[in-house]
Amino acid sequence: MSTRTSALDALVFGVDVQSGDVRGDAPSYALVSFDGETVERDVVTRRKLLRLVADREPAIVATDNMYELAADKDQLVHLLRRLPDSTTLVQVTGDERPEPLSRVAKRHGVPYGKPAMEEAEAAARLAAHNVGYEVSAFTDETELKVARGRSTGGGGGWSADRFTRRIHGSVKRETRTVESTLDDAGLDYDREVTEKYGGYANAVFTVQARPENIPVSEHRAGDTRVEVEPVRRDGIEFRPLARRRDRVLVGIDPGTTTAVALVGLDGHVLDVMSTRTADTGDVIEWIIEHGRPALVAADVTPMPDTVEKIAASFDAPTWDPDTDLPVDEKQHRTREEGYDDDHQRDAMAAALYAYDHYRETIERATRETPPTLDEGDVAARVLDGEPLQAVLSDLEETDDPEPDEPTHDPRELTDDERRIKDLEAQVERLQAHVSDLDAELDAKDATIEEYEDELSEARREERQEARERREVTQLEWENDRLETELEEQRERADELEAKLERLKDLWKLDHSNLGDVGGEGRDLVAVKPVDQFTVDAIETADDEYGIASGDVVYLRDASGAGRRTAELLAGFDPRVVLRSGGLSDAADEVLFDHEIPVGPADGVTIREVDELAIANESEVESVVEDWKQRKAEREREQKETMVDSIISEHRADRD
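Values in this document were obtained by computation on a predicted structure and should not be read as measured data. (Residues numbered from 1 in each chain as written. Predicted model: local features only at pLDDT ≥ 70, side-chain atom pairs only at ≥ 80, totals over all residues. Heavy atoms only, no water.)

Some words on the overall build of the protein
Link 1 in the chain: The helix and strand inventory of the protein stands at 16 helices and 21 strands.
Link 2 in the chain: Of the contacts formed within the protein by residues at least 6 apart in sequence, a portion of 62% connects residues at least 24 apart.
Link 3 in the chain: As displayed, the protein offers around 39000 Å² of accessible surface, 45% of which is attributable to carbon and sulfur atoms. (Helix = DSSP H or I, 4+ residues; strand = E, 2+ residues; numbered from the N terminus. Contact = heavy atoms within 4.5 Å. Areas by Shrake-Rupley, 256 points an atom, 1.4 Å probe, with all protein chains shown as cover.)

Side note on the pairing of strand β6 (residues 133-148)
A regular strand carries its side chains on alternate faces of the sheet.
Link 1 in the chain: Pairing between strand β5 (residues 88-91) and β6: three bridges, direction antiparallel. For L89, the partnering residue across the bridge sits in β6 and is V135.
Link 2 in the chain: As judged from the twelve bridges shared by β6 and strand β10 (residues 224-240), these two strands associate in the antiparallel manner. Looking across to β10, one finds that V146 is bridged to V226.
Link 3 in the chain: As defined by bridge partners, β6 adjoins strand β8 (residues 199-207) across six bridges and the pair is classed as antiparallel. In the sheet register, A147 faces β8, and the bridge partner there is N202. (Pairing = 2+ DSSP bridges.)

Examining the nonpolar core
Link 1 in the chain: Judged by nonpolar contacts, the single largest core of 26 residues is most densely connected at L249, L295 and V378.
Link 2 in the chain: Among the elements of the structure, β14 (292-297), α9 (342-368), α10 (375-383) and α11 (388-396) are those that each provide at least two residues to this core.
Link 3 in the chain: If you tally residues by element for this core, the top one is α9, at nine residues.
Link 4 in the chain: If we skip the residues at most four places from it in the chain, L249 touches A261, L262, V263, L265, A294, L295, A351, Y355, I362 and L383. (Core = buried A, V, L, I, M, F, W, Y, C linked by side-chain atoms within 4.5 Å. Buried < 20%, exposed > 50% of the residue type's maximum accessible area, 1.4 Å probe, protein only.)

A few points about the side chain of K528
Link 1 in the chain: Positionally, K528 belongs in strand β16 (residues 524-530).
Link 2 in the chain: What makes K528 buried here is its relative accessible area of 8%.
Link 3 in the chain: Reaching out from K528, the side chain makes a polar contact with the backbone oxygen of G546 at a distance of 2.9 Å. (Polar contact = N/O pair within 3.5 Å; in protein donor to acceptor, adjacent residues only side chain to side chain.)

Section: the packing of helix α6 (residues 280-290) against helix α7 (residues 305-313)
Link 1 in the chain: Interhelical geometry of α6 versus α7 gives an angle of 45° and a closest axis separation of 11 Å. With respect to each other, α6 and α7 are oriented oblique. Of the two elements, α6 crosses α7, and the hand of that crossing is right-handed. Contacts between α6 and α7 involve T280, V283, I284 and I287 on the former and, on the latter, T306, I310 and S313. (Axes fitted to C-alpha atoms, helices over the stretch in contact; angles between N-to-C directions. Parallel < 35°, antiparallel > 145°, perpendicular 65-115°, else oblique. Left-handed = near helix turned anticlockwise from the far one by under 90°.)

Notes on the environment of R82
Link 1 in the chain: By the secondary structure assignment, R82 is in helix α2 (residues 73-82).
Link 2 in the chain: Judged by its relative accessible area of 53%, R82 falls in the exposed class.
Link 3 in the chain: For the pair formed by R82 and A54, sequence separation is 28 residues and the distance between their alpha carbons is 8.4 Å.

Section: the sheet that holds β14
Sheet strands pair by backbone hydrogen bonding; their relative direction is either parallel or antiparallel.
Link 1 in the chain: Strand order in the open sheet formed by five strands is β13-β12-β11-β14-β15, and the pairing between neighbours is mixed. Of all strands in the sheet, those with a lone pairing partner are β13 (269-275) and β15 (318-319), marking the two edges.
Link 2 in the chain: For strand β11 (residues 247-253) and strand β12 (residues 258-264), the ladder comprises six bridges, and the chain directions are antiparallel. Bridge pairing in β12 places V250 opposite L262.
Link 3 in the chain: Each of β11, β12, β13, β14 and β15 is contacted by α9, which is oriented at about 140° to β11, the strand it contacts most.

Section: the packing of aromatic side chains
Link 1 in the chain: If you walk through the whole model with that rule in mind, you get two aromatic pairs.
Link 2 in the chain: Between Y189 and F205, the aromatic rings sit 5.7 Å apart at their centres with planes inclined by 65°, giving edge-to-face as the arrangement. Placement of Y189 in strand β7 (residues 189-196) and of F205 in strand β8 is noted, with a sequence separation of 16 residues between them. F205 matches Y189 in its accessibility class, with the two residues each being buried.
Link 3 in the chain: Positioned above the aromatic ring of F34 is the side chain of R125, whose terminal nitrogen or guanidinium carbon lies 4.7 Å from the ring centre.
Link 4 in the chain: One Lys or Arg, R634, reaches over the ring of F592 and ends 3.9 Å from the middle of that ring. (Phe/Tyr/Trp six-rings, centres within 6.5 Å; stacked < 30°, edge-to-face > 60°. Lys NZ or Arg CZ within 6 Å of the ring centre and 35° of its normal.)

A few points about the side chain of Q344
Link 1 in the chain: Along the chain, the position of Q344 falls in helix α9.
Link 2 in the chain: The exposure class of Q344 is buried, given its relative accessible area of 5%.
Link 3 in the chain: Other than its neighbours up to four places away in sequence, Q344 contacts A259, V272, M273, S274 and Y339.

Notes on helix α14 (residues 563-571)
Link 1 in the chain: Those residues of α14 that fall on the buried side of the exposure criterion are T565, A566, L569 and A570. The buried residues of α14 all sit within an arc of 135° when viewed along its axis, so they share a single face. In α14, those exposed residues whose orientation departs by more than 90 degrees from the buried face are R564 and G571.
Link 2 in the chain: Residues of α14 that are buried sit in contact with α13 (535-545), β17 (552-555), β18 (576-579) and α15 (585-593).
Link 3 in the chain: D573 sits one or two residues past α14 and shows a positive phi near 55°. (Arc of directions from axis to C-beta.)

Concerning the pattern of salt bridges
Link 1 in the chain: Scanning the entire structure with this criterion turns up 41 salt bridges.
Link 2 in the chain: Here E99 makes a salt bridge to R103, at a shortest N to O gap of 3.8 Å. (Salt bridge = Lys/Arg side-chain N within 4 Å of Asp/Glu carboxyl O.)

Examining unusual backbone geometry
Link 1 in the chain: Look at the link from T301 to P302: it is a cis peptide, with omega at 0°.
Link 2 in the chain: Relative to the assigned elements, P302 resides in the loop between β14 and α7.
Link 3 in the chain: Even without being glycine, E57 reaches a positive phi, approximately 50°.
Link 4 in the chain: With respect to the helices and strands, the residue E57 is situated in the loop between α1 (46-56) and β4 (60-63).
Link 5 in the chain: E57 sits in the partly exposed class, given a relative accessible area of 43%.

Some words on the pairing of β5
Link 1 in the chain: Relative to β5, β4 is paired through four bridges, and the arrangement is parallel. Bridging across to β5, A62 finds its partner in V90.

Thoughts on helix α16 (residues 617-654)
Link 1 in the chain: The terminal C-alpha atoms of α16, which comprises 38 residues, lie 55 Å apart, in line with the 56 Å expected from a rise of 1.5 Å per residue.
Link 2 in the chain: If you check which residues of α16 are buried, you get V620, V623, V624, W627 and K631.
Link 3 in the chain: For α16, the secondary structure elements touched by its buried residues are β16, β17, β18, α15, β19 (598-600) and β21 (612-616). (Expected span 1.5 Å × (residues − 1).)

Structure representation (structure tokens):
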């Protein structure tokens, strides 16, 4: 079932377009003011309508279609921003898919007519009876910005510096004032500042409260200004004015993030939410707004203390599994439900498993409850351990007095009279029950006041601890960052020290040209390293430090080269090629044909620092001499082979 509160004892504006179009020029509106008794009617322009809303601050501005007040979503957001903090925009015909106003008015017994003035009155009366959805474009967070109230530009010199420093100092002082005000009000917030010369250029506070609940207002004073803006949602949200008050099974997953799920007595998930900021009191308030707990469940055993306290606050029975519910089983049980995080999943699983456990009991209670009784109340008492028949007998019991002895035959009652009699008896029972509930409510109110005092103190301590934790976390992050930076600098210093030692081992170079290193009186020669015997590596080395005729080239990896690569290297006409690794036959043949000496680098001491490499002249010359000897032997072998071939051919011709 759903219950609604009585009519609002507040001013409601009903609005409908009288003539024109909101997308056109100067539309006029039918305006009906309704305070629960008095109805006032008028036709106003859009400008006058907004002025009346600002002056009179009605609790609700009601309409059958929110886009009669704004041409598009951006204009709607602008309109919602202009409304007073105490005024809400309500669409009485529904949320994203509104119904015709005539159908809604008929369903709730509100007079309706086609003229714009009668539609405006119907909207006002419906909203006054909590029919419709509040239209919201902003979250419950507010962005509060402290910034410079004037430009820092101006003349140069010391006067300009003092002027800029003064403004930034004023912004910093105003920031501290705002921060102190928020702390005194006990509000949670995050702060980001932009530090500048002499203080702050600006500071942005993200406060966990709506603008009307923040003791800081927009203002401009000299060097500073303060702006207050609610944080906008990604889209438009609709909130029903009437809250559900069904009997529900409540699943709770407590912790740093607390999640709550509500499951109806038919086993369907009605609502779910999770929060990192709400305390136990806020969770209880949310449950009260969305249903009446018949049972409170957890997904682990033993039941957490927080869940037991929430159940005790509703005087509701509890359920927990024999063993902690496995994750895969919770995933399977909630596979058809939507949830935002694992906490919501666990809360839903707790409520659904509790429903599975008591399903037969609930179905029997609802099936055997007569139409005159509330199925939810009967099921709740049965879940609390009372026998079903005893609950039904208690609710149906009447205390009718014994009738006097009739002096004549009693007249048989009509169906309507019997119905009236039954209803009167039911009313008496309900009134007695209400009296008992009122007494119980008074006792619980006193308990709640005690809890609220304790909660208030606990919240204050928790906020202080949270601030201290944030400061500690920030200091730890900064310490980690500095340690990482220090370690990097140490590694860099070690690398530089090693490089310096290598340079000391070589010598202090007096020339910038590598070709000058092997000058007069030095047994040294410059070496041009090439990482691989490939076209790309040769071209890269030539681009970086050049390869010229007469250079000593060192191939760090001589394998894999072909004729084209060897011809490219031979084109530079190096003095000698020192190689590490084997050389292909094709490359060796090309270099031999171009009379380029090639020898292993193993016998040459090559010392390198970055791209600089140096070898002993005598060792390089030794490689050249070895190659010349191998060249002479190779040429002699070629001549012998050629002579043998000629002799063989001559003998063959004579035969």
